[in-house]
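Tertiary structure, described
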Amino acid sequence: MKNISIFILLAASLLAVSCSGWLQEEPRTESDGTMYSDVEYQARTNFLYRHGAGTQITGAGSAYIGPNASLNGMLTGYFVSDYESQETHCKEAGELTREQNTADISSRYSEGVWESCYQAINVANQIIGTINAPAKYVAEAKFFRAFNYFFLVKTFRSIPMPLAYTDNSYSENLSLGQSEPDAVFEQIKKDLEEAAEVLPQKTFVANGHRISAAVANMALADVCLYRGDYAAAATAAKAVINTEGQDLLGNGATEDDSYINRLRTTEDHSEVVYSYEFNLTKSPSDWWPTYAFDTRATNVFDKYAIYTRVYGVDNGFLNVYEDGDLRAKERQFFVWEYHNGATDQTWTASDADHPGSFYYFDKAAMEETGVGTHDWNIYRLAEAYLDAAEAIAQSEGVTNEALSYLNAIRKRAGLAELENPEKTAFIEACWTERLREFPLEFKIWDDVVRTRRFPVINANHTVTYVPLESATNARGASFSGKSLYWPIGLLQLQRNPNLNQIDGYASK
């Protein structure tokens, strides 16, 4: 199944001494004037698949808190960690008290994000800047440089933007000042456009689990939509949709065979645009399977010692779903009751408003092996559909094409198709479908920041979008005067005198 095993073995050949030792090694010139061998280029590129922004989205190394990307959703108050009394940065996110706790947020969140992404960027810069580097590896490196910069600029807003390799990737040696976000976004867009021109016109799966043009275009659509470059976002999203072999999953005859359960249980399917691979021996998914249930699951499952809803819905989020919406039904994205046949025990949610996060459930891991293997979909085709629908409406108006993309997502979930909505209502309908379609995939905060609208989810299953600056989150905390970004780590500020802290946070 997994090309990941090859990736790790190749990368390991260059990382045998130590990660930092490899990153600091001097480039070698082969006799024909080409830098490095193909095996070495591939190993360096493979490093990018397993480090940086991707790990911030998928890393499940703790039983008590999910990936770093999960903290963004907690800012809305609609998502909580059941262990926030211990994981205080989760509580500080939900209560919007980050500015009062810079040191805690810095050590628990910011430093790791910063170091991980810049380490990956440095390796990408090495590949891109090497004379006669094979075009396919340069294109992949440009994707990853862009992907990491996108994660960083969304997290910290104004950031240094090194575009050349340094013999020490760690940020104590970075002395660059911060670039304005517009400049960073322009570089991100340039890298993704250039990558898409070179990479194979295939799906990620068909390309052997390597970055393809479809992946680069998906990221480009994401970036352009975030920046309000709607025409470019529409073009990129449609390029993904029109990629041969890229199709939405359908529903089977029963709800157990729904597209959601297919997403949860199968891999390498037509909806995958870009996934982070896990497998049994080389790279298991750590604690991901245990995130499906709360602590009472210890009486039901015996393959793991700890079970925690590290990213669970709260404060009325479930009201976003209309009656009859497949996505809100039992054992789709969420679960209220589960019987484990292996132990003959049943887990039941504490109440109707706090279901388990069933999207994370891995049956084999939880009931048989104790090792998770299911890949994490960083991008899937449903996002391209919703990107295209909104971007077309924003740039051209509500065309039949825009309607078809939105209605495809609604119809699959069992909802009625929209007919002839006016522009504002259509765009807000796109935003609402994003809430419904990606509840557990850490997309919500990006949409809040880019639209500058906060979704107030009403008891009658409607959503009212209010200006973010005057909004309160679902826990009653006010966004007024609050930063939309995380603090730059205090250690980074000490190391680099040319960095300036984000307004509102402590600088030491």
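Residues numbered from 1 in each chain as written. Predicted model: local features only at pLDDT ≥ 70, side-chain atom pairs only at ≥ 80, totals over all residues. Heavy atoms only, no water.

1. Regarding the overall build of the chain
Along the chain, the regular secondary structure elements total 18 helices and eight strands. Summarising its shape, the C-alpha atoms of the chain cover approximately 65 × 55 × 50 Å along the three principal directions. Relative to its full complement of 508 residues, the chain shows a buried share of 59%. Once local pairs closer than 6 in sequence are excluded, the contacts in the chain between residues at least 24 apart make up 69%. Surface exposure of the chain reaches about 18,700 Å², of which carbon and sulfur atoms provide 47%. One way to put it: in the chain the 43 positive side-chain charges average out to a point 1 Å from where the 68 negative ones average out. (Helix = DSSP H or I, 4+ residues; strand = E, 2+ residues; numbered from the N terminus. Buried < 20%, exposed > 50% of the residue type's maximum accessible area, 1.4 Å probe, protein only. Contact = heavy atoms within 4.5 Å. Areas by Shrake-Rupley, 256 points an atom, 1.4 Å probe, with all protein chains shown as cover. Lys, Arg positive; Asp, Glu negative; His and termini not counted. Charge placed at Lys NZ, Arg CZ, Asp CG, Glu CD.)

2. Focus: the pattern of salt bridges
A full pass over the atoms with the stated rule returns 37 salt bridges. Where Arg 434 meets Asp 387, a salt bridge forms, and the shortest distance between an N and an O atom there is 2.7 Å. Highlighted residues: Arg 434 in helix α16 (residues 423–437) and Asp 387 in helix α14 (residues 381–396), separated in sequence by 47 residues. Accessibility assignment for this pair places Arg 434 and Asp 387 in one class, buried. Across the pair Arg 434 and Asp 447 runs a salt bridge, and its minimum N-O distance is 2.9 Å. (Salt bridge = Lys/Arg side-chain N within 4 Å of Asp/Glu carboxyl O.)

3. Remarks on the side chain of Arg 434
Classification of Arg 434 by relative accessible area gives buried; the value is 4%. A polar contact is formed between the side chain of Arg 434 and the side chain of Asp 387, at a distance of 2.7 Å. Ignoring sequence-local partners within four residues, the contact set of Arg 434 consists of Leu 225, Glu 383, Leu 386, Asp 387, Asp 447 and Arg 450. (Polar contact = N/O pair within 3.5 Å; in protein donor to acceptor, adjacent residues only side chain to side chain.)

4. Some points on the packing of aromatic side chains
All told, the structure shown has 51 aromatic pairs when counted by the stated rule. Their ring planes at 45° and their centres at 4.5 Å tell us that Tyr 64 and Tyr 83 sit as a pair that is tilted. Separated by 19 residues along the polypeptide, Tyr 64 in the loop between α4 (53–58) and α5 (70–74) and Tyr 83 in the loop between β1 (79–80) and α6 (88–94) bring together distant segments of the chain. Classification of Tyr 64 as partly exposed rests on a relative accessible area of 24%. Cation over ring: Lys 154 sits above Phe 150, and NZ or CZ is 4.1 Å from the ring centre. In this arrangement the basic side chain of Arg 412 is found over the ring face of Tyr 259, its NZ or CZ atom lying 3.6 Å from the centre. (Phe/Tyr/Trp six-rings, centres within 6.5 Å; stacked < 30°, edge-to-face > 60°. Lys NZ or Arg CZ within 6 Å of the ring centre and 35° of its normal.)

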